[in-house]
Amino acid sequence: MIEVFLYQEKIMKNKFILPIIVLGASVFGQFTVSGQLENYANKPVLVKMYDNAELKLVKNTKTDAQGNFSTNIPKEYNGFVRVDLPTGENISLLTDNKNIKFKTVTGQEFMNKLEVLEGNAQKEFNKVLAMQPLNEVQNQVFPYLMQVYNQSDEFYQAIIKEQNRIKNLSNGTKFSGLVQYEKNLTDLKAEAQNAKDSNIIDQIVAHFVNDDVRLEQSGMFNDLVFAYINLKLSNGNQQENIENKIIAATDEILNKTKLTTSRGQNILNALLNFVPKDQYPAFHKKYIDQAKALTGNVTDQLKKQIGQTANVEIGSKVPNITFDQPIKGKKSLYDIKADQKLIVFWASWCPACQQEIPHIKEYYKNFKAKGGEIVAISLDYDEAEYNKATKELPWFNYTDLMRWDSPIAAEYNINSTPTLFLVDKDNKVIKKVNHVSDL
C-alpha cells in the first residue's frame, strides 16, 4: 500500500487533502513490492525491474528488525520484478501493475518456502511454474527417447500417450491475460531449444514485430533474441561463413523491427552482447557504425554499447565521479588534485580484491610520497560490510551501494574486479590493469 504522510491541518484546509493524495500516488509509485525475509534483519535488498529488456535497479533498501521491506515501483509496469540478496539468492515475481507481497526464509529453502500473500498474477503464474517440469520432459527427454525406440514398441506408445496428457493439461488450464502471455513466451522458449523448423523462428519474429512493451518486461526478451539467432544459424547452408549468417539474420530482424525504434535497438543491443567482438569484428563494426549514425532517440543501453569504451581508452579523459557526501573535503574525483591518480574498482565481497588490497597498500606508500593519490570505488551494497572493509584504508573510498548496477561501473565499463586505471593530473588514462603489480 502506498503511504502518504500528511500533516495534521485544521478543518478549513480539508479541501486540499484530495489533491495531495492524488499527487502522492504519482510521486511515490504505481504499486509496491514488499516482503518478509525470516532471519534477515537489517540487511540490504535490491529491487529490480526490466527496462528496455535490461534488468535495472529500482531501489537499494534494507529490511527492518523483523526482516520486512517495502519498495515503491515508480511507473506502470506489467512484468517481472526481481528481488536480489547479497548472497546471490533472488526471486522473480510477476505483477500486473498491482501490489506484490510475499514471505520466505533465506538460505537453502529460499524458493521452496516462498509464499505469495498478495499479487494474483504471481499466484496464478505459480501454476505455470508447477507445469514446467512436465513441459521440460516433453520437450527435452521424450524426443531423445523416441529416437531410441520403434513406433511399434509399447514404451514408444506410452510416450505418445503421456505427451498428449501433458499437452491437454497445459491447454486445458485457462489463465488471465498477462499470465497467459508469459506462459506463451515460456512455452515458445522451451520449444525453441529443440526445434529447428522455420515455424518457431516465425513465431519469435512475430512477437518482436507485434508485441507491446510487455515483451521487454517479461524477462525473456534476451532469451528469445538468442533463440532466434541460434535457430537461424542451425538452418540453411552449414558451409556458409558463420559471421555472414549472423549478419544476414540480424539484417532480417532489424528490417522488420527497424533500428530507429526502441524494439529494434533492444534486439541489436542483445546481439552485440551475445556475439563475441574478438571473433566477429566485422559484425560489431557494421552495427556499431549503424547505431552511431542514428539521429533520433537512442536507448540508454545502446548508447552504452556504442560509446562504452570511449571514456576509458588510453589518452581519454575519464568520467567524473561525484560523491554523495564530501570525502576528506572533496566532492568529486576531479576535485582530488594529484600528479597521478589510481582509480581502483573493487568490492569487499571479491576474494581477488582482498588478495590485491595488501599490495595496493604497499604501492600507496611510494605513490603518495611522489604526489599520487588513490580513489577506490567499491561495488558493494552492504553498507556495514563496506564500512568494515574500508575502516583502515588510507585513501579516498567511495561506494554508491549498487554493486554491478552502479552507474559509475557502467560508465567505466567495469566487467570484473579488481580493475585499476592510472590517470594523469588531467584525469586522462595512462594505463588500465587488473593488478597493481602490472604498474
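Structure report, in brief. Note that the structure is a prediction, hence the values are computed from the model and not measured.

It is worth spelling out the overall build of the protein chain at this point. Within the protein chain, the secondary structure is distributed over 13 helices and 15 strands. Considered along the principal axes of its C-alpha atoms, the protein chain spans approximately 85 × 75 × 45 Å. Going through the 439 residues of the protein chain one by one, you find that 44% of them count as buried. Partitioning the intrachain contacts of the protein chain with sequence separation of at least 6 by distance along the chain shows that 60% fall at a separation of at least 24. Only carbon and sulfur atoms are counted for the fraction: they give 50% of the accessible area of the protein chain, which is about 23700 Å². Measuring between centres, the 52 positive side-chain charges of the protein chain sit 5 Å from its 52 negative side-chain charges.

This part covers the packing of helix 4 (residues 177-192) against helix 6 (residues 221-234). Geometry of a packed helix pair, given as the angle between the helix axes and the separation of the axes. Across the interface, helix 4 lies against helix 6 with an axial gap of 10 Å and an inter-helix angle of 30°. Relative to helix 6, the element helix 4 is oriented roughly parallel. The two elements helix 4 and helix 6 meet at a crossing, and its hand is left-handed. Touching Leu185, Leu188, Lys189 and Ala192 of helix 4 are Asp223, Leu224, Ala227 and Leu231, all from helix 6. For the contact of helix 4 with helix 6, the residue count by class is six nonpolar, no polar and two charged.

Our next topic: the side chain of Thr186. Looking at the element boundaries, Thr186 is found in helix 4. Setting aside residues up to four positions removed in sequence, Thr186 forms contacts with Phe125, Gln132 and Met220.

A few words now on the pattern of salt bridges. Across all of its chains, the model carries 20 salt bridges by this definition. Note that Lys368 is salt-bridged to Glu373, the shortest N-O span being 2.7 Å. Given a relative accessible area of 43%, Lys368 falls into the partly exposed group. The partner of Lys425 in a salt bridge is Asp426, and the shortest N-O contact between them spans 3.7 Å. Taking relative accessible area as the criterion, Asp426 reaches 41% and is therefore assigned partly exposed. Salt bridges sharing common partners tie together Lys48, Arg82, Asp84 and Asp405.

Our next topic: the packing of helix 7 (residues 242-257) against helix 8 (residues 262-274). One way to put it is that helix 7 packs onto helix 8 with a least axis distance of 8 Å and a crossing angle of 160°. By the criterion of interaxial angle, the relationship of helix 7 to helix 8 is roughly antiparallel. Where helix 7 crosses over helix 8, the handedness of that crossing is right-handed. Within the contact between the two elements, helix 7 uses Thr250, Ile253, Leu254 and Thr257 and helix 8 uses Arg263, Gly264, Ile267, Leu268 and Leu271.

The final tally for this structure, using the stated rule, is 13 aromatic pairs. Geometrically, the ring pair formed by Tyr364 and Trp395 is edge-to-face, given 5.4 Å between the ring centres and 80° between the ring planes. Placement of the pair is Tyr364 in helix 11 (residues 351-369) and Trp395 in the loop between helix 12 (383-390) and strand 13 (396-398), with a sequence separation of 31 residues. Taken together, the ring pairs connect Phe345, Tyr412 and Phe421 into an aromatic cluster. Sitting above the plane of the Phe396 ring, Lys328 keeps its charged end 5.0 Å from the centroid. Across the ring face of Trp349, the terminal group of Arg403 is positioned such that the distance to the ring centre comes to 4.1 Å.

On the surface, Lys317, Lys330, Lys337 and Lys428 cluster together into a patch of positive charge. Following the sequence through the fold, Lys428 ends up in the loop between strand 14 (419-424) and strand 15 (429-433).

Before going further, it helps to examine helix 2 (residues 120-148). Here helix 2 contains 29 residues, and its C-alpha end-to-end distance of 43 Å stays within 8% of the 42 Å for a straight helix at 1.5 Å per residue. Roughly 40° is the biggest bend found in helix 2, and it falls at Val141, with proline Pro143 one to four residues downstream. Restricting attention to buried positions, one finds in helix 2 the residues Ala121, Gln122, Glu124, Phe125, Val128, Met131, Asn135, Gln138, Asn139, Phe142 and Met146.

Taken in spatial order, the four strands of this open sheet run 3-2-5-6, and their pairing is antiparallel. Two strands bound the open sheet, and with one partner strand each, they are strand 3 (54-62) and strand 6 (90-96). Across this sheet, the average inter-strand angle for adjacent strands is 25°, counted without regard to direction. Sheet topology note: the strand 2 (residues 44-51)/strand 3 ladder contains eight bridges and is antiparallel. Paired with Asp51 across the strands is Glu54, a residue of strand 3.

The rules behind these values
- Residues numbered from 1 in each chain as written.
- Predicted model: local features only at pLDDT ≥ 70, side-chain atom pairs only at ≥ 80, totals over all residues.
- Heavy atoms only, no water.
- Helix = DSSP H or I, 4+ residues; strand = E, 2+ residues; numbered from the N terminus.
- Buried < 20%, exposed > 50% of the residue type's maximum accessible area, 1.4 Å probe, protein only.
- Contact = heavy atoms within 4.5 Å.
- Areas by Shrake-Rupley, 256 points an atom, 1.4 Å probe, with all protein chains shown as cover.
- Lys, Arg positive; Asp, Glu negative; His and termini not counted.
- Charge placed at Lys NZ, Arg CZ, Asp CG, Glu CD.
- Axes fitted to C-alpha atoms, helices over the stretch in contact; angles between N-to-C directions.
- Parallel < 35°, antiparallel > 145°, perpendicular 65-115°, else oblique.
- Left-handed = near helix turned anticlockwise from the far one by under 90°.
- Nonpolar A, V, L, I, M, F, W, Y, C, P; charged D, E, K, R; others polar.
- Salt bridge = Lys/Arg side-chain N within 4 Å of Asp/Glu carboxyl O.
- Phe/Tyr/Trp six-rings, centres within 6.5 Å; stacked < 30°, edge-to-face > 60°.
- Lys NZ or Arg CZ within 6 Å of the ring centre and 35° of its normal.
- Patch = residues over 30% accessible without salt bridge, like charges linked within 9 Å, V, L, I, M, F, W, Y side chains within 5 Å.
- Expected span 1.5 Å × (residues − 1).
- Bend = angle between axes of the 7 residues up to and from the residue.
- Pairing = 2+ DSSP bridges.

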